[in-house]
Amino acid sequence: MYCLVLHPAPVHRAPDPALDPALLVNTMTTIGLAGPSLPGPDPHCYAAGAHFLELLTFLGCSPAVTLEPSADAPSDQAFCYLRIKWGEHGMEFLKLRDDPMARCPACRKTPANWQASALGTDSLTRAVTLSCPHCAAQIAPLDLDWRREAGLCSLRVEVVNIHPHEAVPVERLLARLAEVTGSAWDYFYCRTND
Ligand SMILES: [Zn+2]
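Keep in mind that what you see is a predicted model, and the values were worked out from it rather than measured. (Residues numbered from 1 in each chain as written. Predicted model: local features only at pLDDT ≥ 70, side-chain atom pairs only at ≥ 80, totals over all residues.)

Colleague: Honestly, the packing of helix 1 (residues 21–30) against helix 4 (residues 171–181) in this entry has me stumped. Any pointers?
Modeller: Geometrically, a packed helix pair is captured by the angle between its two axes and the distance between the axes. Running from N to C, helix 1 and helix 4 cross one another at 155°; their axes reach a closest spacing of 10 Å. Classified by the angle their axes make, helix 1 and helix 4 are roughly antiparallel. In terms of crossing hand, the pair formed by helix 1 and helix 4 is right-handed. Taking contact as the criterion, the partners of Leu23, Leu24 and Thr27 in helix 1 are, on helix 4, Arg176, Val180 and Thr181. Its residues assigned to classes, the contact of helix 1 with helix 4 shows 3 nonpolar, 2 polar and 1 charged. (Axes fitted to C-alpha atoms, helices over the stretch in contact; angles between N-to-C directions. Helix = DSSP H or I, 4+ residues; strand = E, 2+ residues; numbered from the N terminus. Parallel < 35°, antiparallel > 145°, perpendicular 65-115°, else oblique. Left-handed = near helix turned anticlockwise from the far one by under 90°. Contact = placed C-beta atoms within 7 Å. Nonpolar A, V, L, I, M, F, W, Y, C, P; charged D, E, K, R; others polar.)

Structure representation (structure tokens):
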């Protein structure tokens, strides 16, 4: 499944550890991003709320956005809904493609050996710096630019069944999430198997 992932910006700007999960859910519901919780094995799934289509900007001329399961095939899950992951697995590297390449945030070039497999995604959260072979900038791995096609996060809100670059969150939505968690939020796209 393709997802749009909304998440607090990585570790050094991590959310307040005392963040009350109910507060985040309440905020999502109050602003109309999330609707009622969805039946199913995962208790953290919510239907799209009343203002879902105002809080995300859909790109392209006529997006066909399905917000409810089809009545004919209710088991067909190809509709947009929200899924909150509370970060119980710690920091995870999520990606859209098998082996994404990182770009240097300073010069925007893509060093040949900065692919996720070569960098070792386990090491991305460690306090080592990478030296850009193009501009010599010292880059903290968490600041690597994955072109919004990969990212590191623990707590996150997944907007399920959004295709890569199909929709972007509006500023107001990211600002509201930042307000409730006390840390800036960002987004990227990924593909998951669950
Ligand atoms: Zn560079």
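Here the narrative resumes.
Colleague: Honestly, the nonpolar core in this entry has me stumped. Any pointers?
Modeller: If you look at the biggest cluster of nonpolar residues, it comprises 38 residues, and the most contacted ones within it are Leu4, Val5, Leu82 and Cys190. Only strand 1 (2–8), helix 2 (52–55), strand 5 (81–86), strand 9 (150–153), strand 10 (155–160), helix 4 and strand 12 (185–191) provide two or more residues apiece to this core. Shared between two domains, this core holds at least three residues of each, these being domain 1 (1–5 + 39–60 + 78–98 + 149–194) and domain 2 (101–143). Setting aside anything within four residues of it in sequence, one finds Leu4 in contact with Val159, Ile162, Ala167, Tyr187 and Tyr189. (Core = buried A, V, L, I, M, F, W, Y, C linked by C-beta atoms within 7 Å. Buried ≥ 20, exposed ≤ 12 C-beta atoms within 10 Å, placed from the backbone. Domains from an automatic or database assignment.)

Colleague: How should I be thinking about the domain arrangement of the protein chain in this particular structure?
Modeller: For interface size, the figure often reported is the accessible area lost on association. Split into domains, the protein chain comes out as domain 1 (1–5 + 39–60 + 78–98 + 149–194) and domain 2 (101–143). Put simply, the middle of domain 1 and the middle of domain 2, counted by C-alpha atoms, are 24 Å apart. At the level of elements, strand 6 (92–95) and strand 9 are the ones that each hand at least two residues to the side of domain 1 that touches domain 2. Counted by class, the side of domain 1 that touches domain 2 contains 4 nonpolar, no polar and 1 charged residues.

Colleague: Quick question: what am I supposed to make of the sheet that holds strand 2 (residues 34–37) here?
Modeller: Paired through backbone hydrogen bonds, the strands of a sheet run either parallel or antiparallel to each other. As summarised here, the arrangement of the 6 strands in space is 2-3-5-10-1-12, forming an open sheet in which the pairing is antiparallel. Every interior strand has two partners, whereas the edge strands, strand 2 and strand 12, have only one. Neighbouring strand axes in the sheet, compared pairwise and without regard to direction, differ in orientation by 30° on average. Bridge count for strand 1 against strand 10 is 4 bridges, and the pairing is antiparallel. Paired with Cys3 across the strands is Val160, a residue of strand 10. (Pairing = 2+ DSSP bridges.)

Colleague: Please explain unusual backbone geometry as it appears in this structure.
Modeller: Note: most peptide bonds trans; most residues except glycine with negative phi. Located in the positive-phi region is Ala136, a residue other than glycine, with phi close to 65°. Its place among the elements puts Ala136 in the loop between strand 7 (130–131) and strand 8 (138–139). For Asn161, which is not glycine, the phi torsion reads 70° and is therefore positive. The topology assignment puts Asn161 in the loop between strand 10 and strand 11 (167–169). Residue classification places Asn161 among the partly exposed residues on the basis of 18 C-beta atoms within 10 Å.

Colleague: Whenever I open this one, the environment of Val5 confuses me. Can you help?
Modeller: Its location among the elements puts Val5 in strand 1. When the 24 C-beta atoms within 10 Å are taken as the criterion, Val5 is described as buried. Sequence separation between Val5 and Ala50 is 45 residues, and the spatial gap between their C-alpha atoms is 20 Å. What Val5 contacts, discounting residues up to four positions off in sequence, is Leu94, Gly151, Cys153, Arg156, Glu158, Tyr187, Phe188 and Cys190.

Colleague: How should I be thinking about the pairing of strand 1 in this particular structure?
Modeller: Regular strands have side chains that alternate between both faces of the sheet. For strand 1, the tally of buried residues reaches 6 of 7 residues, placing the bulk of the element in the interior. Where strand 1 lies against strand 12, 7 bridges are found, and the strand directions are antiparallel. Within the sheet, the bridge partner assigned to Pro8 lies in strand 12 and is Trp185.

Colleague: Can you walk me through helix 4 in this structure?
Modeller: One turn of the α-helix equals 3.6 residues, which is why residues spaced by three or four share an orientation. Taken as a whole, helix 4 has its buried residues at Leu173, Leu177 and Val180. For helix 4, the arc enclosing every buried residue in end-on projection is 65°, short of the 170-degree limit, so these residues lie on one face. Summarising the geometry of helix 4, the exposed residues directed more than 90 degrees from the buried face are Glu171, Arg172, Ala175 and Glu179. For helix 4, the secondary structure elements touched by its buried residues are strand 1, helix 1, helix 2, strand 11 and strand 12. Phi turns positive one or two residues past the end of helix 4, at Gly182, with a value near 75°. (Arc of directions from axis to C-beta.)

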